[in-house]
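# Descriptive analysis of the structure
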Amino acid sequence: MFGLNNECVLTPDQEYKTMEDYQGRPVRWCPGCGDNGILTAVQRLCRDEQLPPEKTVFVSGIGCAARFPHYMNTYGFHGIHGRALPIAEGVRMARPDLDVFVNTGDGDCCSIGAAHWIHAIRYNMNLTAILHDNHVYGLTKKQASPTSPRGLKSNTTPRGSTLEALNPLTVTLGVTNVSFVAQAVDWIPELLYDILRQAYLHRGFSFVRIIQRCPEFLPKMLEPWLQDPSKTLLLTHEDGLSLSPDLARIYKNQREHDPLDIDRAREIATSVDVIPVGILYRNPDVPRYEELRGAGQARPAERIRAGLEAELDRFTVWPDEGGDEQRVA
Ligand SMILES: Cc1ncc(C[n+]2csc(CCOP(=O)(O)OP(=O)(O)O)c2C)c(N)n1
Ligand code: SF4
């Protein structure tokens with residue numbers, strides 16, 4: 001950025017960051033995997049918001065989607081299966097000055113991590129949770145997940161899965177203290193970006209379910225929605241998505257929806273043949289756990305040091321108190 005006399009007015013640590021500045025290690029997802037588009041949208045968001053990499057953290061569980069933190073040039077925590085959310089909540093409590101994102105697959109979030117998911121919604125901590133929903137366990141090579149459609153033939157359901165799929169939108173919208181729920185698809189980048197940006201700007205637990213293509217294991221599953229734009233329902237509102245004329249021309253199936261209307265949001269979430277895309281629910285007034293706990297401030301360094309010293313003292317061997325005997329509190 002340059003001032004009136006063309007002099008640079010940015011200090012070195014404030015230099016404008018480009019998309020490349022947010023790119024981490026080379027990506028190893030399959031070609032055509034929807035995770036690639038999600039990564040690009042997130043890197044664009046980081047660039048547009050100029051998020052400081054040293055103040056931004058991506059937390060994940062285990063799965064293909066969970067490789068996300070490796071591909072970001074920020075802080076990251078590739079955690080354990082199903083535990084991305086509690087790890088992220090811990091980061092949030094200890095470091096309220098950081099922007100915390102969570103990347104979780106449908107197995108990671110809706111199966112092994114389901115209990116954490118429900119309580120994360122209820123705690124409403126300021127996190128941006130991105131559910132990469134490819135309807136299958138990708139990393140472990142095609143097992144049915146809770147969001148697999150009924151009848152899906154997989155390595156764990158060779159005769160077809162017997163249960164109806166769990167709907168992550170209705171589940172989230174049903175939990176006490178829910179404050180932000182949106183749905184995107186990986187193949188409409190303009191809306192994917194807009195939705196992720198609105199989720200990031202929301203103060204509270206923002207839950208974005210992204211319908212994600214897995215060409216490796218479910219190459220045909222989303223074809224009907226890719227081929228026929230009328231099977232996508234765009235949710236528009238002055239407080240929701242704003243569509244470019246080009247997009248509005250292609251996706252004519254639109255519906256005005258006020259994101260404050262939770263009853264209508266729940267009804268839209270149950271859509272069967274169409275995929276609703278947009279902000280289903282947003283309520284900025286839901287209290288956040290950090291606020292209620294009064295934990296909005298980072299702990300001063302002296303307090304952290306005193307705590308560590310006290311903990312180490314418990315295991316210190318005190319030579320003047322009986323030689324090599326360990327003094328354990
Ligand atoms: C405790 C535990 N159980 C099971 C596994 C094996 N495992 C690794 S990833 C995964 C499922 C991944 O599916 P999903 O979360 O949908 O992510 P995707 O790979 O599709 O992105 C499983 C079952 C594990 N790593 N740890
Ligand atoms: S297996 Fe599926 S989800 Fe995993 S990287 Fe390949 S296409 Fe993506």
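Look above for the structure.
Since the structure is predicted, the reported quantities are computational estimates derived from the model, not experimental observations.

Rules and cut-offs
- Residues numbered from 1 in each chain as written.
- Chains lettered and ligands numbered in written order.
- Predicted model: local features only at pLDDT ≥ 70, side-chain atom pairs only at ≥ 80, totals over all residues.
- Heavy atoms only, no water.
- Helix = DSSP H or I, 4+ residues; strand = E, 2+ residues; numbered from the N terminus.
- Buried < 20%, exposed > 50% of the residue type's maximum accessible area, 1.4 Å probe, protein only.
- Areas by Shrake-Rupley, 256 points an atom, 1.4 Å probe, with all protein chains shown as cover.
- Lys, Arg positive; Asp, Glu negative; His and termini not counted.
- Charge placed at Lys NZ, Arg CZ, Asp CG, Glu CD.
- Polar contact = N/O pair within 3.5 Å; in protein donor to acceptor, adjacent residues only side chain to side chain.
- Contact = heavy atoms within 4.5 Å.
- Pairing = 2+ DSSP bridges.
- Axes fitted to C-alpha atoms, helices over the stretch in contact; angles between N-to-C directions.
- Right-handed = clockwise from strand over helix to strand, strands pointing away.
- Nonpolar A, V, L, I, M, F, W, Y, C, P; charged D, E, K, R; others polar.
- Patch = residues over 30% accessible without salt bridge, like charges linked within 9 Å, V, L, I, M, F, W, Y side chains within 5 Å.
- Salt bridge = Lys/Arg side-chain N within 4 Å of Asp/Glu carboxyl O.
- Near = heavy atom within 4 Å.
- Phe/Tyr/Trp six-rings, centres within 6.5 Å; stacked < 30°, edge-to-face > 60°.

### Here we look at the overall build of the protein
Along the backbone of the protein there are 11 helices and 11 strands. Each principal axis of the C-alpha atoms in the protein carries an extent, and together these give about 80 × 70 × 40 Å. Residues classed as buried in the protein amount to 45% of the 329 residues present. Only carbon and sulfur atoms are counted for the fraction: they give 53% of the accessible area of the protein, which is about 16900 Å². For the protein, the separation between the mean place of its 35 positive charges and that of its 42 negative charges on side chains is 6 Å.

### Let's talk about the side chain of Arg288
Among the structural elements, Arg288 can be located in the loop between β11 (275-282) and α10 (289-293). Looking at Arg288, its side chain comes within polar contact range of the side chain of Glu291, at 3.0 Å. Setting aside residues up to four positions removed in sequence, Arg288 forms contacts with Tyr123, Asn124, Asn126, Arg203 and Gly204.

### A look at the sheet that holds strand β7 (residues 180-185)
In a beta sheet, neighbouring strands are held together by backbone hydrogen bonds and run either parallel or antiparallel to one another. One open sheet holds the 9 strands; their spatial order is β2-β1-β3-β4-β8-β7-β11-β9-β10, and the pairing between them is mixed. Where the open sheet ends on each side, the last strands, each with one partner, are β2 (75-78) and β10 (254-256). Across the sheet, the axes of successive neighbouring strands diverge by a mean angle of 20 degrees, strand direction being ignored. Where strand β9 (residues 232-236) and β10 come together, 3 bridges link them in parallel fashion. Note that in β10 the partner of Leu234 across the bridge is Gln254. Contacting β3 (99-105), β4 (127-133), β7, β8 (205-211), β9 and β11, helix α6 (residues 189-201) crosses the sheet at an angle of about 160 degrees to β7.

### With respect to the pairing of β9
Among the 5 residues in β9, 5 count as buried, and that is most of the element. Neither face of β9 is exposed, since Thr232, Leu234 and Thr236 on one face and Leu233 and Leu235 on the opposite face are all buried. Summarising the sheet, β9 and β11 pair through 3 bridges and their orientation is parallel. In the strand pairing of β11, Leu233 is matched with Pro276. Regarding topology, helix α8 (residues 245-250) serves as the crossover connection from β9 to the parallel β10, and that connection is right-handed.

### Focus on the packing of helix α2 (residues 84-94) against helix α4 (residues 114-123)
Relative orientation of the contacting elements α2 and α4 amounts to 35 degrees, with a least axis distance of 8 Å. Residue-level inspection shows Leu85, Pro86 and Glu89 of α2 in contact with α4, the latter providing His116, Trp117, Ala120 and Tyr123. By residue class, the composition of the contact of α2 with α4 is 5 nonpolar, 1 polar and 1 charged.

### A word on a negative patch on the surface
A surface patch of negative charge is lined by Glu238, Asp239, Glu256, Asp258 and Asp261. Locating Asp258 in the fold gives a position in the loop between β10 and α9 (262-269).

### Here's the deal with the pattern of salt bridges
Using the criterion set out here, one finds 16 salt bridges in the structure. Here Glu290 ties to Arg288 by a salt bridge, and the two come within 3.5 Å at their closest N and O atoms. The buried category is assigned to Glu290, whose relative accessible area is 3%. When its relative accessible area of 7% is taken as the criterion, Arg288 is described as buried. Connected through salt bridges with shared partners, the residues Arg92, Arg288, Glu290 and Glu291 form a single ionic network.

### Some thoughts on the site of ligand 1
In the neighbourhood of ligand 1, 16 residues make up the surrounding shell, with Cys64, Gly107, Asp108, Gly138 and Leu139 lying closest. Contacts to ligand 1 include Asp106, whose side-chain N or O atom sits 3.3 Å from an oxygen atom. Alone, ligand 1 offers 590 Å² of accessible surface; in the complex the protein occludes 72% of this. Going through the elements one at a time, α3 (106-112) and β5 (136-137) are the ones with two or more residues in the shell around ligand 1. When residues of the shell around ligand 1 are assigned to their parent elements, the largest contribution, 4 residues, is made by α3. Tallied by class, residues from the shell around ligand 1 come to 7 nonpolar, 7 polar and 2 charged.

### Observations regarding the packing of aromatic side chains
Remark: the centre distance and the inter-plane angle together describe each pair of aromatic rings, the angle taken between the planes. Summed over the entire model, instances satisfying the criterion amount to 7 aromatic pairs. Ring geometry for Trp29 against Tyr71: centres 4.7 Å apart, planes inclined by 85 degrees, an arrangement best described as edge-to-face. Taken as a pair, Trp29 in the segment before α1 (34-49) and Tyr71 in the loop between β1 (56-60) and β2 lie far apart in primary sequence, 42 residues in all. For Trp29, a relative accessible area of 9% corresponds to the buried category. Note on Phe101 and Tyr200: the rings are 5.9 Å apart at their centroids and 5 degrees apart in plane angle, and the pair reads as stacked. With a gap of 99 residues between them, Phe101 in strand β3 and Tyr200 in helix α6 connect regions that are remote in the sequence. Residues Phe101 and Tyr200 agree in their burial class; the two are buried.

### Structural notes on the site of ligand 2
Around ligand 2 lies a shell formed by Trp29, Cys30, Cys33, Cys64, Asn134, Gln212, Cys214, Pro215, Glu216 and Phe217. The residue makeup of the shell around ligand 2, split by class, is 7 nonpolar, 2 polar and 1 charged.

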